Structures are given as C-alpha cells and as structure tokens.
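Given next are the chains, with one letter for each unit.
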Amino acid sequence: MFSTAKRAIALVLVAFLIRIAGAEENSKEFASHNCRYTLPANDWKWLDPSTVPQAVCMAQSPDGLIVILTIVPAKGLAIINDKFVK
C-alpha cells in the first residue's frame, strides 16, 4: 500500500491540477488580439459576446455588473504617451 506521505503528496498534486484546470476556465486568451482576460472572482460568469458589436468577450458579476472587452483598431500610427491622454 501507499505510505501516508505518498498519499499526502498525491492529494496535493490532485488539488493543484484541479486548481490549474479551474484557472484555465476563468481566463480566456485572444491570440489574434494579443490579449487575455481573467474573471476577477470565481463567482463571475462568461456571457456570449456576439450580442455586442466588436466585443471580444463579456463577463458578469453575481450582482449584475457586466464587463465588455472591445478592441477597435487605431487609425494610423498612434503613440501612447502623456500628450495622447490629455
């Protein structure tokens, strides 16, 4: 049979693998846009972004707050600096 130490290591490994699998469900990567969004908490859920034009993803909190990630191409070459935000 397995020793107590081997059982403990096996349980830790299983818990770690379950946590990794859960983390993957909480994050979505959008390689074509070079970005990723991770839900801020485990009680948030993904929504279907196809209902919003140019939406990449949508998520909703338990109290109804909806976050929509959109990506709009910049016209021309834009330099993001202090002058850009003023």
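Structural data are supplied above this passage.
Below: a short report on this structure. (Residues numbered from 1 in each chain as written. Predicted model: local features only at pLDDT ≥ 70, side-chain atom pairs only at ≥ 80, totals over all residues. Heavy atoms only, no water.)

## What to know about the packing of aromatic side chains
The test is simple: Ring geometry is summarised as follows: Phe, Tyr and Trp rings, the Trp one being its six-membered ring, pair when their centres sit within 6.5 Å, and such pairs are stacked at plane angles under 30 degrees, edge-to-face over 60 and tilted between the two. Three labels apply to residues, based on accessible area from a 1.4 Å probe with only protein chains included: buried if under 20% of the type maximum, exposed if over 50%, partly exposed otherwise in between. A ring has a charge above it when a Lys NZ or an Arg CZ is no more than 6 Å from the ring centre and no more than 35 degrees off the ring normal.
One pass over the structure, following the stated rule, counts 1 aromatic pair. Ring geometry for Tyr37 versus Trp46: centroids 5.9 Å apart, planes at 75°, classification edge-to-face. When its relative accessible area of 19% is taken as the criterion, Tyr37 is described as buried. The cationic tip of Lys28 hangs over the ring face of Trp46; the distance from NZ or CZ to the ring centre is 4.6 Å.

## Quick notes on the nonpolar core
Buried together is how nonpolar side chains tend to be arranged in soluble globular proteins. For clarity, the threshold we go by: Buried residues of nine kinds, namely Ala, Val, Leu, Ile, Met, Phe, Trp, Tyr and Cys, make up a nonpolar core once their side-chain atoms join them within 4.5 Å. Where helices and strands are cited, they refer to DSSP runs of H or I of at least four residues and of E of at least two residues respectively, numbered from the N terminus. In this analysis, two residues are considered to be in contact whenever any of their non-hydrogen atoms come within 4.5 Å of each other.
With 7 residues, the main nonpolar core is built from Phe30, Tyr37, Leu39, Trp44, Val56, Cys57 and Ala59. Examining the composition of this core, we find that 3 residues originate from one element, strand β4 (residues 55–60), more than from any other. Those residues in contact with Leu39 that sit more than four places away from it in its chain are Asn26, Trp44, Lys45, Trp46 and Ala59.

## Considering the environment of Ile66
Locating Ile66 in the fold gives a position in strand β5 (residues 66–70). As a C-alpha pair, Ile66 and Trp46 span 20 residues in sequence and 9.6 Å in three-dimensional space. With sequence-adjacent residues up to four places away left out, Ile66 is seen in contact with Leu47, Met58, Ala59 and Gln60.

## Quick notes on the pairing of strand β1 (residues 27–30)
Heads up, the rule is: A pair of strands is labelled paired if DSSP reports no fewer than 2 bridges between them.
As defined by bridge partners, β1 adjoins strand β2 (residues 35–38) across 4 bridges and the pair is classed as antiparallel. Within β2, the residue paired with Ser27 across the bridge is Thr38. Where β1 folds back on β2, the antiparallel hairpin that results is connected by 4 residues, among which Asn34 adopts a positive phi of roughly 55°.

## Some points on the sheet that holds β4
In plain terms, the rule: Axes here refer to lines fitted to C-alpha atoms; in helices the fit is confined to the stretch in contact. Angles between the N-to-C directions go from 0 to 180 degrees.
Reading across from one edge, β3-β4-β5 is the order of the 3 strands in this open sheet, with antiparallel pairing throughout. With partners counted over all chains shown, the strands left at the sheet margins are β3 (45–47) and β5, one partner each. Here the average twist between neighbouring strands, direction ignored, is 25°.

## Some thoughts on the side chain of Ser61
The criterion, for reference: Identification of polar contacts relies on pairs of N or O atoms within 3.5 Å, with a donor-acceptor requirement for protein atoms, meaning one able to donate a hydrogen and the other able to accept it, and with residues adjacent in sequence counted only if both atoms are side-chain atoms.
Mapped onto the elements, Ser61 comes out in the loop between β4 and β5. Side-chain polar atoms of Ser61 contact the side chain of Asp63, separated by 2.3 Å.

## Things to note about the pairing of β4
For β4, the tally of buried residues reaches 6 of 6 residues, placing the bulk of the element in the interior. By the bridge criterion, 3 bridges tie β3 to β4 in an arrangement that is antiparallel. Looking at β4, one finds that Lys45 is bridged to Gln60. Here 5 bridges tie β4 to β5, and the two strands are oriented antiparallel to one another. Note on β5: the bridge partner recorded for Ala59 is Val67. Turn length for the β4-β5 hairpin, with the two strands adjacent in sequence and antiparallel, is 5 residues, and the turn residue Gly64 shows positive phi of about 100°.

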